[in-house]
Amino acid sequence: MIPSAIQSYLRRHRVPFERYAHARAVTAMELVDALNVPAWRVAKSVIVLADRQPWIVVVPAMATVDLRQVRHTLGVRTTRLAAESEFTDHFPDCETGAEPPFGELYGLPVAMDESLSVNERLLFRAGSHEEALEMRFQDFARLEWPLVASFIQPLSREEEEKAPSYGASSEDSGASA
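Residue numbers run consecutively from 1 along every chain, following the written order of its sequence. It should be noted that, the model being predicted, local features are given only for residues of pLDDT at least 70 and side-chain atom pairs only at 80 or more, the latter also being counted only at that level, while totals for whole chains, interfaces and linings use all residues. The side-chain values count all of the structure's non-hydrogen atoms but skip hydrogen atoms and water molecules.

### Quick notes on the pattern of salt bridges
Moving on, step 1. By salt bridge we mean one thing: a side-chain nitrogen of Lys or Arg within 4 Å of a carboxyl oxygen of Asp or Glu. Counted under the stated rule, the structure contains nine salt bridges.
Moving on, step 2. Of the charged contacts, one joins E95 and R24 as a salt bridge, the two residues approaching to 3.1 Å between their closest N and O atoms. With E95 in the loop between α4 (84–87) and α5 (103–106) and R24 in the loop between β1 (18–21) and α2 (28–35), this residue pair connects regions lying 71 residues apart in the sequence.
Moving on, step 3. Across the salt bridge formed by E134 and R41, the nearest N and O atoms sit 2.2 Å from each other. You can see E134 sitting in strand β7 (residues 131–136) and its partner R41 sitting in the loop between α2 and β2 (42–50), a full 93 residues away along the chain. For the purposes of this entry, the term helix denotes a DSSP run of H or I that reaches at least four residues, the term strand denotes a run of E that reaches at least two, and both are numbered from the N terminus.

Structure below.
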């Protein structure tokens, strides 16, 4: 179930959205399979610590966050994936691993990979592993004003063909780029 705070937030800002119930899907690629949609349509939220400041970095489901690129773009010294214990308090009404990209609602800055901006509509988790939310990209951009830049590692030809689920590397200390 999508938390009522998310639904109220979207309605308060007059953002139309559609809800999609689906079989339990924990990973972004499981969500792709459950909804039977192309992986480039599903956006996943990855919580990154940039100089200890949590950010929501939104990338395509099949992509890997490039922590060096995040560090460079944000102009910080260090970046790493946040441990669940470091961000669950920011999303008290959400299932862990189903964090939505609504930084304004949860008090976090949002960065989005530029590849998602070509989509007319985005599908993503909204606090639940059993329900997804779809909205227009333009509505999301107007609501969140995300920093849009390149935040993903390029896929190899073999990876593009397979489109498996990927995880980000766990740390980039900024020692060498």
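### A few points about the nonpolar core
Proteins that are soluble and globular tend to have nonpolar side chains buried together.
Moving on, step 1. Counting 30 residues, the largest nonpolar core has I6, L10, F102, L133 and M135 as its most contacted members.
Moving on, step 2. Only α1 (4–12), β2, β3 (53–60), β5 (110–113), β6 (121–125), β7 and α6 (137–144) provide two or more residues apiece to this core.
Moving on, step 3. Apart from the residues within four sequence positions on either side, L10 is in contact with V15, F17, F102, L133, M135 and L143.
Moving on, step 4. Core analysis: the second largest hydrophobic core is formed by 15 residues, V46, V70, V76 and A111 among them. Think of a nonpolar core as a cluster: buried Ala, Val, Leu, Ile, Met, Phe, Trp, Tyr and Cys residues, connected wherever their side-chain atoms sit within 4.5 Å. For the exposure calls, accessible area comes from a 1.4 Å probe over protein chains only, and a residue counts as buried if that area is under 20% of its type's maximum, exposed if over 50%, partly exposed in between. We call two residues in contact when some of their heavy atoms are within 4.5 Å.

### Some points on helix α3 (residues 67–74)
Moving on, step 1. Within α3, the full set of buried residues consists of L67, V70, R71 and L74. On an axial view of α3, the arc spanned by its buried residues comes to 100°, and they lie on one face.
Moving on, step 2. Pairing of N or O atoms within 3.5 Å defines a polar contact, subject to two protein rules: one partner must be a possible hydrogen donor and the other a possible acceptor, and residues neighboring in sequence count only if both atoms are side-chain atoms. For α3, the side-chain oxygen to backbone nitrogen distance between the N-cap and R68 is 3.1 Å, and the N-cap itself is D66.
Moving on, step 3. The first or second residue beyond α3 is G75, which carries a positive phi of 70°. Comment: arc refers to directions from the helix axis out to C-beta atoms.

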